[in-house]
Amino acid sequence: MARMYGEVLGLPLVASWPDGMSFRLGGGVVLLFDRERIVDRSEPTAQHGASGPGHVCFVVEADDYEAWKGRIASAALEITHEHEWNEGRRSFYFNDPAGNLLEIADGDLWPEASANFT
């Protein structure tokens, strides 16, 4: 996982501990936990993580999209699907070593946040 997120995706490792690690992504962090090592613990930090595979979409500049496809393929990661979205956006999917589904999109696929949640 450290190689995939650190070397392949180029995210800086900011912390690691026996059952997890975190990587900086812009103003936030990507937290990765070894779910099997924390599932039986009762402290609040053990409540992190999904009970199964998760999904994350990374947004890159449209001009960098093909380079990212090449980077993922040259790391011997299989691109499992590529999709064309509305307004000409594209994204491709691959899995990390834990089975999480990762996506790289050539722009923001989602509408702007709204304060009106109904």
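Residues numbered from 1 in each chain as written. Predicted model: local features only at pLDDT ≥ 70, side-chain atom pairs only at ≥ 80, totals over all residues. Heavy atoms only, no water.

1. A short note on unusual backbone geometry
Generally, phi is negative for residues other than glycine and the peptide bonds are trans, each holding for most cases. Convention followed: The helix and strand labels rest on DSSP assignments: H or I over at least four residues marks a helix, E over at least two residues marks a strand, and numbering proceeds from the N terminus.
In the Ramachandran plot, A76 falls in the positive-phi region, its phi being about 65 degrees despite a non-glycine side chain. Structurally, A76 can be placed in the loop between helix 3 (65–74) and strand 5 (81–84).

2. A few points about the packing of aromatic side chains
The test is simple: Stacked, edge-to-face and tilted labels apply to pairs of Phe, Tyr and Trp rings (six-membered ring for Trp) whose centres lie within 6.5 Å, assigned for plane angles under 30 degrees, over 60, and everything in between, in that order. Accessible area is worked out with a 1.4 Å probe on protein chains only. A residue is then buried under 20% of its type maximum, exposed over 50%, and partly exposed in between.
Counted under the stated rule, the structure contains four aromatic pairs. Judged by centre distance (5.5 Å) and plane angle (65 degrees), the rings of Y65 and F92 are edge-to-face. Of this pair, Y65 sits in helix 3 while F92 sits in strand 6 (residues 90–95); the two residues are 27 residues apart in sequence, bridging distant segments of the chain. The exposure classification of Y65 matches that of F92, with both residues buried. Taken together, the ring pairs connect Y65, F92 and F94 into an aromatic cluster.

3. So, the nonpolar core
Heads up, the rule is: To qualify as a nonpolar core, a set must consist of buried Ala, Val, Leu, Ile, Met, Phe, Trp, Tyr and Cys residues joined through side-chain atoms within 4.5 Å. Throughout, a contact is declared for two residues whenever any of their heavy atoms are within 4.5 Å.
Y5, L9, I72, F94 and I104 are the most contacted members of the largest nonpolar core, which totals 20 residues. Apart from the residues within four sequence positions on either side, Y5 is in contact with G10, L11, F23, V30, L32, F58, D96 and L102.

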